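# Coordinate inspection notes
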Amino acid sequence: MAKQQVPVYIICGFLESGKTNFIAPMMTGSDFTDGERTLLVVTEEGEEEYDEEAMSNYKVRMSLIEDEEDFNKEALTKLDNKYHPTQVLIELNGMWDMGKVFAEKALPDNWAIYQVVTTVDSTTFDAYSKNIAQQMSQHIMSASMVIFNRCTPELAETLRSRNLKMLNRRAEMYLEYTDGHTEEYDDGTPPFDLDVPVLELSDDDYGVWYVDVMTSLDQHPDRYEGKSVSFLAQVAKDLRFGRETMAVGRQAMVCCADDTQFMGVLAKGPETKDFKSKDWVKVQGKIKIEKHILYRGIGPILYIEKIERAEAPAPEDQLVSY
C-alpha cells in the first residue's frame, strides 16, 4: 500500500539570514502544527536555537543533519519511518547545492515539496550578491516566497532598484522592516518619469526598464501602454516573429559576465526589412501591450516611429545590467 503523501516546506537562506527566527514560532504555535505530526530537519546550527521541549508539546520532532553527503534519500526515509510525519519542514543550509534537493530527488518518494521560502538579510544582500552571486540567485529563483528582513527605508529602496522580481516573477516578495512592519516588494511605483513625451533610455536604464515592463504585466499591464521610448539596441530576427517584426534589445549580465541573456522586445514596422540580426540601431517606438505567441500571452510590442543604424558600442560597453 502506497504511503500517504507528505507535504514538505523548505526554508533556505544563508547563515544568520533569519531562517530560525522565521521557523521557531511556527513550531511552537497551533496555526501550523494543529493536528499534525511535524518533522523539522535542521541542516546547520546558527546562533539562534530551537526549544525542543516546547516543540514537543506540539508534536514536533527535530533531526539534525550537518553534513551535505548525509542529506540523502536513504537518511530521510529512515526519519520518515521513525517519526511518521504528516508534514516536514526543512531548514536548508544556504551553502549546499539546492540541486541535490530539486534535481537529484533526495527526498523520500512520498514527500512532495509544497513551498520554498527564502529568507534574506537585507544588510548583507549586496555583499553576498557580489561574492556568491550564483548561490544568491539560486535561492531567489527557487523560491515561491522571498522575505527580505532587517530592512531600513534606505535598504528597501536599494532592493527595489535591483528589480529582483525579474529573477523570479512568480514569487511573492516581502520587505520586513526593523520597526516590525512589512511591505510588498512591488509597491507599484514605476522607476521612471512616465509623463515625458519620449522616455530616453541610457544603457544603464535599459535593463531596469526591460525588467519593469516584464514584471509589471501581471499587476500593472497599462503602465507603459502608449508610451514612446527610445534606446540603443541590437537587432534579432527570426522567422517565428512574423511579417515586419523583429526583436530589439540588449545582452544583459545576469550574475556574471559569463552568464548573459538577450533582453529584447518585439518591434513592428515596415522598416524591419532593412535590418538583419546583430545590426545596431537607435530605435524609437510606441509601446502596445498585446498578445503574441512568443510571449505565451501578453507582452510589449514596440511600434517603430523612428529607427536608424548606429555604431556598435565598445565590447566592454555592450552588456547592460539590471
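Anything mentioned here points back to the structure above.
Below or above, wherever it landed, is the structure these notes cover.

Each value, and the rule that gives it
Residues numbered from 1 in each chain as written. Predicted model: local features only at pLDDT ≥ 70, side-chain atom pairs only at ≥ 80, totals over all residues. Heavy atoms only, no water. Salt bridge = Lys/Arg side-chain N within 4 Å of Asp/Glu carboxyl O. Helix = DSSP H or I, 4+ residues; strand = E, 2+ residues; numbered from the N terminus. Buried < 20%, exposed > 50% of the residue type's maximum accessible area, 1.4 Å probe, protein only. Core = buried A, V, L, I, M, F, W, Y, C linked by side-chain atoms within 4.5 Å. Pairing = 2+ DSSP bridges. Axes fitted to C-alpha atoms, helices over the stretch in contact; angles between N-to-C directions. Contact = heavy atoms within 4.5 Å.

All told, the structure shown has 13 salt bridges when counted by the stated rule. The closest approach of N and O atoms between Asp212 and Arg223, which form a salt bridge, is 2.9 Å. Residue Asp212 is located in helix α9 (residues 203-215), and its partner Arg223 is located in the loop between α9 and β10 (228-236); the two are separated by 11 residues in the primary sequence. On the accessibility criterion, Asp212 (7% relative accessible area) is buried. Glu225 serves as the salt-bridge partner of Lys288, at 3.9 Å between the closest nitrogen and oxygen.

A separate point is the nonpolar core. Core analysis: the largest hydrophobic core is formed by 39 residues, its most contacted members being Val41, Phe71, Ile90, Leu92 and Phe148. Sorting elements by how many residues they give to this core places strand β1 (residues 6-13) first, with 4 residues. Counting 38 residues, the second-largest nonpolar core is a separate cluster that includes Met166, Leu201, Ile289 and Leu302.

The next thing to look at is the sheet that holds strand β5 (residues 111-121). What the 8 strands build is an open sheet, ordered β3-β2-β4-β1-β5-β6-β7-β8; its pairing is mixed. Looking at strand neighbours, the two that pair on one side only are β3 (60-64) and β8 (182-184), the edges of this open sheet. Sheet twist, expressed as the average angle between the axes of neighbouring strands with direction ignored, equals 20°. As paired strands, strand β6 (residues 145-151) and strand β7 (residues 172-177) are joined by 5 bridges and run parallel to one another. From the neighbouring strand, Phe148 faces β7, where its bridge partner is Leu175. Contacts from helix α4 (residues 73-83) reach β1, β2 (38-42), β3 and β5 within the one sheet, and its direction differs from that of β2 by about 150°. Where helix α8 (residues 153-161) meets the sheet, it contacts β6, β7 and β8, and its direction lies at approximately 160° from that of β7.

If you check the backbone angles, Lys278 has positive phi at about 80° while not being a glycine. The topology assignment puts Lys278 in the loop between β12 (259-268) and β13 (280-292). On the basis of relative accessibility, which here comes to 65%, the residue Lys278 falls in the exposed class. Its identity is not glycine, yet Arg296 carries a phi of approximately 55°, on the positive side. With respect to the helices and strands, the residue Arg296 is situated in the loop between β13 and β14 (297-309).

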